[in-house]
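Tertiary structure, described
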Amino acid sequence: ESEDLVVVSKPPHWQVDSSTDRNSEAPLGAFLQNIFPARQWPLLKDEANTKGFLHRLDVPSSGLILVAKTYAAYFDLRLQLQKGEMLREYVVLCHGWLPRRGPVTARVHTLQGGFTDYSRVTGEGRVACSRLKTLSYCMIGTSALCLVAVQLVTGRMH
């Protein structure tokens, strides 16, 4: 945490955008509002500016979320994201083998399905691009696994 920013560890099944509770057990925005008083940090209640959240993770996922506490930090970091100056990289454990490295580009269409949103590759989707780098491979019993660094180029469900 700094004066302008906080990095939050999002538990699985918590929603980053608390404007609806449709897919989650708890909204992360409400949790932050309980820690940081609104009179001191009004951005954290400002839905027009995503309550300071600079990115999201899917509800079932866990991981680190960058949150701006001030408007100056929020707009500075949004500009960095838009200019491609901020790296968004995740490490995931995958079943099966993936190539050592390379881009993955597909048209991804996000659908709302009851309690969960999901995505699929279709011609009507928006272009999503990620870069993969396989960090290691292993076998556990008869299961093939690989640890992969995923760098997001576009910011939508992948």
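Structural notes, computed from the coordinates. Note that the structure is predicted; figures quoted are calculated from it, not measured. (Residues numbered from 1 in each chain as written. Predicted model: local features only at pLDDT ≥ 70, side-chain atom pairs only at ≥ 80, totals over all residues. Heavy atoms only, no water.)

The subject of this paragraph is the pattern of salt bridges. Evaluated as defined, the whole model comprises three salt bridges. Between Glu 47 and Lys 51 there is a salt bridge, and its shortest N-O distance comes to 3.9 Å. Owing to a relative accessible area of 52%, Glu 47 belongs among the exposed residues under this scheme. The buried category is assigned to Lys 51, whose relative accessible area is 10%. Ionic pairing is found between Glu 85 and Lys 83, a salt bridge with its closest N-O pair at 3.3 Å. Accessibility expressed as a relative area gives 53% for Lys 83, which makes it exposed. (Salt bridge = Lys/Arg side-chain N within 4 Å of Asp/Glu carboxyl O. Buried < 20%, exposed > 50% of the residue type's maximum accessible area, 1.4 Å probe, protein only.)

Summed over the entire model, instances satisfying the criterion amount to four aromatic pairs. Its end group placed over the ring of Trp 41, Lys 69 keeps NZ or CZ at 4.6 Å from the ring centre. (Phe/Tyr/Trp six-rings, centres within 6.5 Å; stacked < 30°, edge-to-face > 60°. Lys NZ or Arg CZ within 6 Å of the ring centre and 35° of its normal.)

With that out of the way, let us pick up the pairing of strand E8 (residues 126-140). Sheet analysis places E8 next to strand E9 (residues 143-152), joined by ten bridges and oriented antiparallel. Within E9, the residue paired with Arg 131 across the bridge is Gln 151. Joining the antiparallel neighbours E8 and E9 is a turn of two residues, in which Gly 141 adopts a positive phi near 65°. (Pairing = 2+ DSSP bridges. Helix = DSSP H or I, 4+ residues; strand = E, 2+ residues; numbered from the N terminus.)

Attention now goes to the side chain of Asn 49. By secondary structure assignment, the location of Asn 49 is in the loop between helix H1 (28-35) and strand E4 (63-68). Owing to a relative accessible area of 14%, Asn 49 belongs among the buried residues under this scheme. Among the polar contacts listed, one links the side chain of Asn 49 to the side chain of Asp 46, at a separation of 2.9 Å. (Polar contact = N/O pair within 3.5 Å; in protein donor to acceptor, adjacent residues only side chain to side chain.)

Within the sequence span of H1, burial applies to Leu 28, Gly 29 and Leu 32. Across the axial projection of H1, the buried residues extend over an arc of 100°, all falling on one side. Among the structural elements, strand E1 (5-10), strand E2 (14-15), strand E3 (26-27) and E4 are those in contact with the buried residues of H1. (Arc of directions from axis to C-beta. Contact = heavy atoms within 4.5 Å.)

This part is about a nonpolar patch on the surface. Where nonpolar side chains cluster on the molecular surface, the patch consists of Val 91, Leu 93, Leu 135 and Leu 147 and spans about 360 Å² of accessible area. Examined against the element boundaries, Leu 93 turns out to sit in strand E5 (residues 89-95). (Patch = residues over 30% accessible without salt bridge, like charges linked within 9 Å, V, L, I, M, F, W, Y side chains within 5 Å. Areas by Shrake-Rupley, 256 points an atom, 1.4 Å probe, with all protein chains shown as cover.)

The subject of this paragraph is the environment of Val 16. Residue placement: Val 16 occurs in the loop between E2 and E3. Relative accessible area serves as the criterion here: at 2%, Val 16 is assigned to the buried category. A sequence separation of 41 residues divides Val 16 from Leu 57, and the C-alpha atoms of the two residues are 6.8 Å apart. Other than its neighbours up to four places away in sequence, Val 16 contacts Lys 10, Leu 28, Gly 29, Phe 53, His 55, Arg 56, Leu 57 and Ile 65.

Every disulfide links exactly two cysteines, by a covalent bond between their sulfur atoms. Within the structure shown, the criterion is met by zero disulfides. With no disulfide partner, Cys 138 has as its closest neighbouring cysteine sulfur the one in Cys 146, 8.6 Å distant. (Disulfide = S-S within 2.5 Å.)

By size, the foremost hydrophobic cluster in this structure holds twelve residues: Val 6, Val 8, Val 16, Leu 28, Leu 32, Phe 36, Trp 41, Leu 44, Phe 53, Leu 57, Ile 65 and Val 67. Elements that contribute at least two residues to this core include exactly E1, H1 and E4. With residues up to four places along the chain from it excluded, the contact list for Leu 57 reads Lys 10, Val 16, Ser 62, Gly 63, Leu 64, Ile 65 and Tyr 90. Formed by eight residues, the second largest nonpolar core is a distinct cluster that contains Leu 43, Leu 54, Ala 68 and Leu 77. (Core = buried A, V, L, I, M, F, W, Y, C linked by side-chain atoms within 4.5 Å.)

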